[in-house]
Amino acid sequence: MSAIKSNQVTVTVDAAGGVACVPEHLTVKGCDAVLKFTLKTAGCVFPKEGAVKVDKPGKQFPFPSRTLHKEPTKATLYDHNSKASNFKFTVTVQRVANGQLIELDPVIINEP
């Protein structure tokens, strides 16, 4: 098993369509962090918009997530991380074959 890298999330989809994030509870340390999401399941990509949505972003998440145009299996999210708090968010994955959207609701734990 490989070590979990800081501010990085690995996203997978199982055969039944269940989405998993490792880690599911992402602890972010340090201000002005760029959170990186990598999708590791063939046949799935992040949607062009809204791959990662924070429920109540406030000033901590002032920008929407960004799916990389040339690498749609990668998405980023800026976290100002100036205030300690937990943030629920939704990760959305899209099946290439039929366009089906699949979601999971993990947590970001800010520790500036």
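Residues numbered from 1 in each chain as written. Predicted model: local features only at pLDDT ≥ 70, side-chain atom pairs only at ≥ 80, totals over all residues. Heavy atoms only, no water.

## Some remarks on the sheet that holds strand β1 (residues 8-13)
No. 1: On the basis of which strands lie adjacent, the open sheet formed by 5 strands has the order β2-β1-β4-β8-β7 and mixed pairing. Across the chains shown, the open sheet's two edge strands, defined by having one partner strand only, are β2 (19-22) and β7 (66-67).
No. 2: Bridge analysis of β1 against β2 gives 4 bridges, and the strand direction is antiparallel. Along β2, the bridge assignment pairs T10 with V22. (Pairing = 2+ DSSP bridges. Helix = DSSP H or I, 4+ residues; strand = E, 2+ residues; numbered from the N terminus.)

## Concerning the pairing of strand β3 (residues 25-29)
No. 1: What you see with β3 is a clean split: L26 and V28 sit on the buried side and H25, T27 and K29 on the side with no burial.
No. 2: Bridging between β3 and strand β11 (residues 107-111) involves 5 bridges; their strand directions are parallel. If you follow T27 over to β11, its bridge partner there is I109. (Buried < 20%, exposed > 50% of the residue type's maximum accessible area, 1.4 Å probe, protein only.)

## Overview of the pairing of strand β8 (residues 74-79)
No. 1: Two strands pair when backbone bridges link them, and strand β4 (residues 33-39) and β8 are joined in this way by 6 bridges, in the antiparallel orientation. Bridged to T38 within β8 is K74.
No. 2: For β7 and β8, the ladder comprises 2 bridges, and the chain directions are antiparallel. Across the sheet, residue T67 finds its bridge partner in β8, namely A75.
No. 3: Between the antiparallel neighbours β7 and β8 lie 6 residues.

Bear in mind that shape data such as this cannot, by itself, settle questions of function.
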